[in-house]
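# Understanding the architecture of this molecule
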Amino acid sequence: MTAVSRLSPPYNPNQPLPDPEAVLEVMQRELKRSMGGLVVPGSPRPYFMQYSLRRVHALRLRAAHGALLRSRESTAGQLWADVRVGSHKFDNVFDGGLGDHSEDRESSDWIDAPDDLNLQALQIGLWKLTQIKFDEALEDYYEHRKATVSEYLRDEISSFTRERPVVHKEELHHDPFPRAQWEKTLVELSRRFLDHPEVYDPSITLSAERVHRWLVTSEGTAVVTEDVFIQLGIEGWVLTEDGVYVEGSRQLYLRAVDEVPERAHLERLLADVIEELGALRAADSPGAFIGPALLSGQAASTLFHEALGHRLEGERLIARGESKTFARMRGERILPRGIHVFDDPTLTHCGREPLWGHYRIDDEGVAARRTLLVDDGVLKGFLQSRSPIPGSDHSNGHGRHDGVERPMARMGTFVVEGAPGSGESWDALRNRLIELARAQGRRHGVIIQRVLAGETSTSDYDFQAFKGSLAEVYLVDAQTGKVRRIRDVELIGTPLAALQKITAFGRDRETDQGYCYAESGSIPVSGIAPPILLSELELQQSSTTGYHDPLLPPPFADDGSRGRKGGLRERGKRKKALN
């Protein structure tokens, strides 16, 4: 017997990649072969298939105390295959796919694409993944059939929308990130933390991703896109007198390499963080608060995202286990007059600020478009993927996912705005806040300038609530108007109650950006909103544990007295409780 070696040469990251059109053609060829060949006698055949390839070139940098703590650059690709058996009316997907949990299935072990995009290896990968996806689809189809026997799926309309095929192809770039330049800037800036031993775990981070995506469907859709996402963050922590670690941070969200600001701008951001940490260390905590609240545009955007946006995602109207908060409220007032809400992924900027929620084609091959959700306070529509919902059997281009989980309707750029000429100035809103506090017999009102993050639950198993982690909060004395900073609190509320307490809104708009986590994975999103005044909002204490100072100061701040000389810190003593 003669042995023939078929070993491929080692992968060279600098070697030329195949033409994007060639990658698309291989995907189309294997999709056509699978559509015609996946046949099991007595079982439903595929009526729709989709292949996606997402290739991400990523750079991760982290610096602190004048050192480069992390510098990682990588390129990785993931495959996605959607195999639907049965018909548009009834197939293998039910509950909108919210219960798929794709990452826990066997098929998730076969999603890696070849690093060098070798066309033969790519087709083999698609073939292997498709075989497993087809088996899973058949199992799900019969589970769906079983569910219709055991219960009445009252909110299910049909399984999949019919959409026109889309052909959209963008130029792909492979320019290297300016890694050395960015490393140098971060390291030099991070030396500033050596002058501040009271700041714990400081860091300056930069994350850059260039995402290339190919998408084909059995309907004829063919898509090639490129997106760049850059996040730059500066953060640190201080320990307060009552033993609570509090965070100060600034984040920038960018969409192009040339949008990364000059060093002078980053120095100002770093100075802001250090100044903020000093203010937080001196601030106290009220423990809890209830009363009128004025939220900046950024803070209001987070509230709308959690209290409203997630509850307008189409799959939540049809899935068992969802509370369906707004499912039967189309045409009813859910917000005050003069407020409009829409989601528009086609927006690229808010003023001069780039938007992370911008995209051209969604992850189901449907063109993104502006979707009106609330008009003059009245609910008009919902975010939709290709899962039909009551009253609408077409996608509006909001099917999104992380490349692993099944796509579902998600926010892109979620915009809240007032009718032209109807908003008030910030000073007017602040005066109204004080008036509300006095009218309610409250000692204080609260101003929330920045929110770090939010979360919500839409399940019918749990309480309908949301909360937000607050970064910058102030109490306003109702009698004197004096403002003082507070910390260690988070906002909480229930969606319908919170939205009905909006009494006024502002003129200017602010953005809130980052990653949003839901059943279809982590995706980049943006929010835009004006300031809002609420007649009542509840805050609760966020910390549950108190901490001691470290017994020793950081090595760069040790004068040999173990931190006692000069009163740098007192070590090992219990913190005093604040009144």
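### What about the overall build of the chain?
A count of helices and strands for the chain gives seven helices and 24 strands. Computed over C-alpha atoms, the radius of gyration of the chain comes to 27 Å, within 12% of the 25 Å expected from 2.2 N^0.38 for 579 residues, which places it in the range of a compact globule. Along the longest, intermediate and shortest principal axes, the C-alpha atoms of the chain span 80 × 65 × 45 Å. Long-range contacts, defined as pairs at least 24 residues apart, comprise 77% of the intrachain contacts of the chain with a sequence gap of at least 6.

### Things to note about a negative patch on the surface
On the surface, a cluster of negative charge is made up of E106, D109, D135, E139 and E143. Assignment of secondary structure puts E106 in the loop between β2 (67–85) and β3 (112–113).

### Details of the pairing of strand β1 (residues 46–64)
Counting buried positions along β1 yields 14 of 19 residues, so the element is predominantly enclosed. The turn joining β1 and β2, which pair antiparallel and follow one another in sequence, is formed by two residues; a positive phi near 55° is taken by H65. Where β1 lies against strand β5 (residues 200–217), 14 bridges are found, and the strand directions are antiparallel. The residue of β5 that forms the bridge with R62 is T205.

### Things to note about the layout of surface pockets
Rolling a probe over the atoms, with the probe sized like a water molecule, indicates the empty space that remains. In this structure, the second largest pocket occupies an estimated 620 Å³ of space. Residue lining of the second largest pocket: 25 residues in total, with R54, V56, E209, V211 and D402 positioned closest to the centre. Of all the elements in the fold, those that place two or more residues in the lining of the second largest pocket are β1, β2, β5, β6 (222–239) and β23 (521–529). Here the residues of the lining of the second largest pocket sort into 10 nonpolar, six polar and nine charged.

### Some remarks on the packing of aromatic side chains
All chains considered together, the criterion is met by 10 aromatic pairs. Each ring, one from F229 and one from W356, has its centre 5.5 Å from the other, and the planes form 75°; the classification is edge-to-face. Here F229, found in strand β6, pairs with W356, found in the loop between β11 (353–354) and β12 (371–375); they are 127 residues apart in sequence, far enough to count as distant. Judged by its relative accessible area of 10%, F229 is buried. Here the aromatic rings of Y245 and Y547 are separated by 5.3 Å at their centres, their planes lie at 55°, and the arrangement is tilted. Of this pair, Y245 sits in strand β7 (residues 245–254) while Y547 is found in the segment after β24 (532–541), placing the two residues 302 residues apart along the sequence. The exposure class assigned to Y547 is partly exposed, which follows from its relative accessible area of 42%. Feature note: the residues F229, Y253, W356 and Y515 constitute an aromatic cluster, connected by ring pairs.

### A few points about empty space enclosed by the protein
Enumeration according to the criterion identifies four cavities of 30 Å³ or more in this entry. In this structure, the largest cavity encloses a volume near 90 Å³.

### Details of the packing of helix α1 (residues 20–37) against helix α2 (residues 119–150)
Where α1 contacts α2, the axes come no closer than 10 Å and their chain directions differ by 35°. Note that α1 runs across α2; the crossing there is right-handed. Contacts from A22, V23, V26, M27, R29, E30, R33 and S34 of α1 reach α2 at L119, L122, Q123, L126, W127 and T130. Its residues placed into classes, the contact of α1 with α2 shows eight nonpolar, three polar and three charged.

### Considering the sheet that holds β23
Read across the open sheet, the six strands follow the order β13-β12-β9-β16-β23-β22; overall the sheet is mixed. Pairing within the sheet leaves two strands with one partner each, and these edge strands are β13 (378–379) and β22 (510–518). Where β22 and β23 come together, nine bridges link them in antiparallel fashion. Bridging from a neighbouring strand, T511 pairs with I528 of β23.

### Quick notes on the confidence of the model for the chain
When the pLDDT values of the chain are averaged, the result is 92; 93% of them are 70 or greater. Throughout residues 1–11 the model reports pLDDT below 50, and contacts reaching past four residues in sequence, or to other chains, amount to three contacts.

### A word on the environment of A471
Residue position: A471 is located in strand β18 (residues 465–477). Accessibility expressed as a relative area gives 9% for A471, which makes it buried. Once the C-alpha coordinates of A471 and P261 are considered, the two residues, 210 residues apart in sequence, prove to be 23 Å apart. Non-local contacts of A471, meaning those with residues more than four positions away in its chain, are made with E276, R450, V451, L452 and R485.

Conventions and cut-offs
Residues numbered from 1 in each chain as written. Predicted model: local features only at pLDDT ≥ 70, side-chain atom pairs only at ≥ 80, totals over all residues. Heavy atoms only, no water. Helix = DSSP H or I, 4+ residues; strand = E, 2+ residues; numbered from the N terminus. Rg over C-alpha atoms; globule rule 2.2 N^0.38 Å. Contact = heavy atoms within 4.5 Å. Patch = residues over 30% accessible without salt bridge, like charges linked within 9 Å, V, L, I, M, F, W, Y side chains within 5 Å. Areas by Shrake-Rupley, 256 points an atom, 1.4 Å probe, with all protein chains shown as cover. Salt bridge = Lys/Arg side-chain N within 4 Å of Asp/Glu carboxyl O. Lys, Arg positive; Asp, Glu negative; His and termini not counted. Charge placed at Lys NZ, Arg CZ, Asp CG, Glu CD. Buried < 20%, exposed > 50% of the residue type's maximum accessible area, 1.4 Å probe, protein only. Pairing = 2+ DSSP bridges. 1 Å grid on protein atoms, 1.4 Å probe; cavity = no way out; pocket = protein on both sides within 12 Å on 5 of 7 lines; lining within 4 Å. Points joined across faces, edges and corners; volume = space filled by probe spheres on them. Nonpolar A, V, L, I, M, F, W, Y, C, P; charged D, E, K, R; others polar. Phe/Tyr/Trp six-rings, centres within 6.5 Å; stacked < 30°, edge-to-face > 60°. Axes fitted to C-alpha atoms, helices over the stretch in contact; angles between N-to-C directions. Left-handed = near helix turned anticlockwise from the far one by under 90°. pLDDT = per-residue confidence, 0-100.

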